[in-house]
Amino acid sequence: MSNVPSVSAAPSAGDRAGRPVVAVLGAYGHTGRFVVAELLRRGMTPVLVGRDRHKLDALRGPAADVSVRVASTEDPASLDRALDGAAAVVNCAGPFLATAPAVAAAALRAGIPYLDVAAEQGVTAALFDTYGDGAREAGVVLVPSLAFYGGLGDLLATAALGDWPDADEVTLAYGLDSWHPTPGTRLTGETNAGQHLTYTGGRLQPFSYSQDVFPWRFPEPLGTQDARAFATADQVTLPRHVRTPEVRAVMNLAPLQDLRATDTPAPVPVDDSGRSAQTFLVEAVVRRGGETRRAVAGGRDIYAVTAPLVVEAVARVLDGRCKVTGVAAAGEAFDARSFLRALTPEHLTRLDLPAETD
């Protein structure tokens, strides 16, 4: 992806133009670069934060007025300096097992919202359990897993539920034409091996890693494909605000085979925005009694679409459209329907929601 676009001069604190200042930890990573570009596109001022000064400077390029701050999650004082003057922090630095607790704690010390793009279920669960009371007492919100795996499914399922107060089962079906994992995805897979979870019987339980293959009927154009059970962050976030005993996730086989193969290359940009040619379709299926409701979203590049998801959330937190404080899931913190519609058609090229009920 190209360097961050140039922006006009703006102090890192108290921007005279009224632009929010947002710290991005892991700014020079694959997803972090998309997030920085989206913040700039939305008129916000990013602060580029990471361990490597040379990579930060290279990302900043000619945009001399974009702040660069070196920080390490092992050094709380450096994190405090990095967040000084920021209105919010977005954590894009994985593996999140190593970064999320430290950055969330720094955000609470600074009294600012924390958002991340983690797909690691254990980390997301730990944030809810460890920081919920402190965040509510501080009057700030922490929203984990605001990414393709997590936030998107949570929002879709919430929109599908509509006026239902509960559900017998929620299923998130992920259909990808391919999956070219980034080095960060590979590293996260290694550090998170054996720690995946599923939500069944009303509680989080170890994921079985079953190799059972079954047919799943995706919306067109994918249609019926072989699929397997999959572990995603929305299985952690949804039960925090939706009364249901079962949250399952499934994925078609092609991307899982790509992910398992050690020689699958990293994503290759095919346009000026840096997006790859990968396409995706996500369907939330909510069952209650004999009724079923569905919500579907489609688009391109699971990494690139994470940026508008988390930046839309930043915008809503900062302008008062966040409904809660404490640690919250995407569908709990925001109005799911309006959030998803705000991403169309530029980022979500398809969005099918059930009719609203009175």
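Please refer to the structure higher up on the page.
Residues numbered from 1 in each chain as written. Predicted model: local features only at pLDDT ≥ 70, side-chain atom pairs only at ≥ 80, totals over all residues. Heavy atoms only, no water.

Asks: An account of the overall build of the protein chain is needed here, citing residue identities and associated values.
Replies: Helix and strand counts for the protein chain stand at 12 helices and 16 strands. Its C-alpha atoms give the protein chain a radius of gyration of 19 Å, within 12% of the compact-globule value 21 Å for 358 residues. If one aligns the C-alpha atoms of the protein chain with their principal axes, the spans along those axes are about 55 × 45 × 35 Å. Residues classed as buried in the protein chain amount to 54% of the 358 residues present. Sequence-distant contacts in the protein chain: of pairs separated by 6 or more residues, those separated by 24 or more amount to 69%. Carbon and sulfur atoms make up 50% of the accessible area of the protein chain, which totals about 14,500 Å². (Helix = DSSP H or I, 4+ residues; strand = E, 2+ residues; numbered from the N terminus. Rg over C-alpha atoms; globule rule 2.2 N^0.38 Å. Buried < 20%, exposed > 50% of the residue type's maximum accessible area, 1.4 Å probe, protein only. Contact = heavy atoms within 4.5 Å. Areas by Shrake-Rupley, 256 points an atom, 1.4 Å probe, with all protein chains shown as cover.)

Asks: Account for the sheet that holds strand 6 (residues 141-143), naming residues and giving values.
Replies: Pairing is parallel across the open sheet formed by 7 strands, whose spatial order is 3-2-1-4-5-6-15. With one partner strand each, in any of the chains shown, strand 3 (67-70) and strand 15 (326-327) form the two edges of the open sheet. In terms of strand pairing, strand 5 (residues 114-116) meets strand 6 through 2 bridges, oriented parallel. Across the sheet, residue Tyr 114 finds its bridge partner in strand 6, namely Leu 142. Contacts from helix 3 (residues 76-83) reach strand 1 (21-25), strand 2 (45-50), strand 3 and strand 4 (88-91), with the element oriented near 170 degrees to strand 3. (Pairing = 2+ DSSP bridges. Axes fitted to C-alpha atoms, helices over the stretch in contact; angles between N-to-C directions.)

Asks: So what's going on with unusual backbone geometry? Which residues, and what values?
Replies: Going from Gly 94 to Pro 95, the amide bond is cis rather than trans, its omega being -5 degrees. Considering the arrangement of structural elements, one finds Pro 95 in the loop between strand 4 and helix 4 (96-110). Note the cis peptide between Thr 344 and Pro 345, where omega equals -10 degrees. In this structure, Tyr 209 takes a positive phi of about 55 degrees despite not being glycine. Checked against the element boundaries, Tyr 209 lands in the loop between strand 9 (203-206) and strand 10 (214-217). Looking at Tyr 209, the relative accessible area reads 35%, which means it is partly exposed. Not every positive phi belongs to a glycine, and Asp 301 is a case in point at roughly 65 degrees. Assignment of secondary structure puts Asp 301 in the loop between strand 14 (291-300) and helix 10 (306-318). With a relative accessible area of 1%, Asp 301 lands in the buried category.

Asks: Lay out helix 6 (residues 148-161) with the relevant residues and their values.
Replies: If you check helix 6, its first and last C-alpha atoms are 19 Å apart, about what 14 residues at 1.5 Å a residue would give, namely 20 Å. For helix 6, the tally of buried residues reaches 14 of 14 residues, placing the bulk of the element in the interior. One or two steps after helix 6, the chain reaches Gly 162, where phi turns positive at roughly 60 degrees. (Expected span 1.5 Å × (residues − 1).)

Asks: Which residues make up the pattern of salt bridges, and what are the values?
Replies: Enumeration according to the criterion identifies 20 salt bridges in this entry. Note that Arg 41 and Glu 38 form a salt bridge whose closest N and O atoms lie 2.8 Å from each other. In this pair, Arg 41 and Glu 38 both sit in helix 1 (residues 30-41), 3 residues apart, roughly one turn of the helix. When its relative accessible area of 45% is taken as the criterion, Arg 41 is described as partly exposed. Exposure remark for Glu 38: the relative accessible area of 7% places this residue in the buried category. In this structure, Glu 74 engages Arg 51 in a salt bridge whose closest nitrogen and oxygen atoms are separated by 2.8 Å. Separated by 23 residues along the polypeptide, Glu 74 in the loop between strand 3 and helix 3 and Arg 51 in the loop between strand 2 and helix 2 (53-60) bring together distant segments of the chain. Neither residue differs from the other here; Glu 74 and Arg 51 are each classed as exposed. Among the charged side chains, a network of salt bridges with common partners joins Glu 38, Arg 41 and Glu 346. (Salt bridge = Lys/Arg side-chain N within 4 Å of Asp/Glu carboxyl O.)

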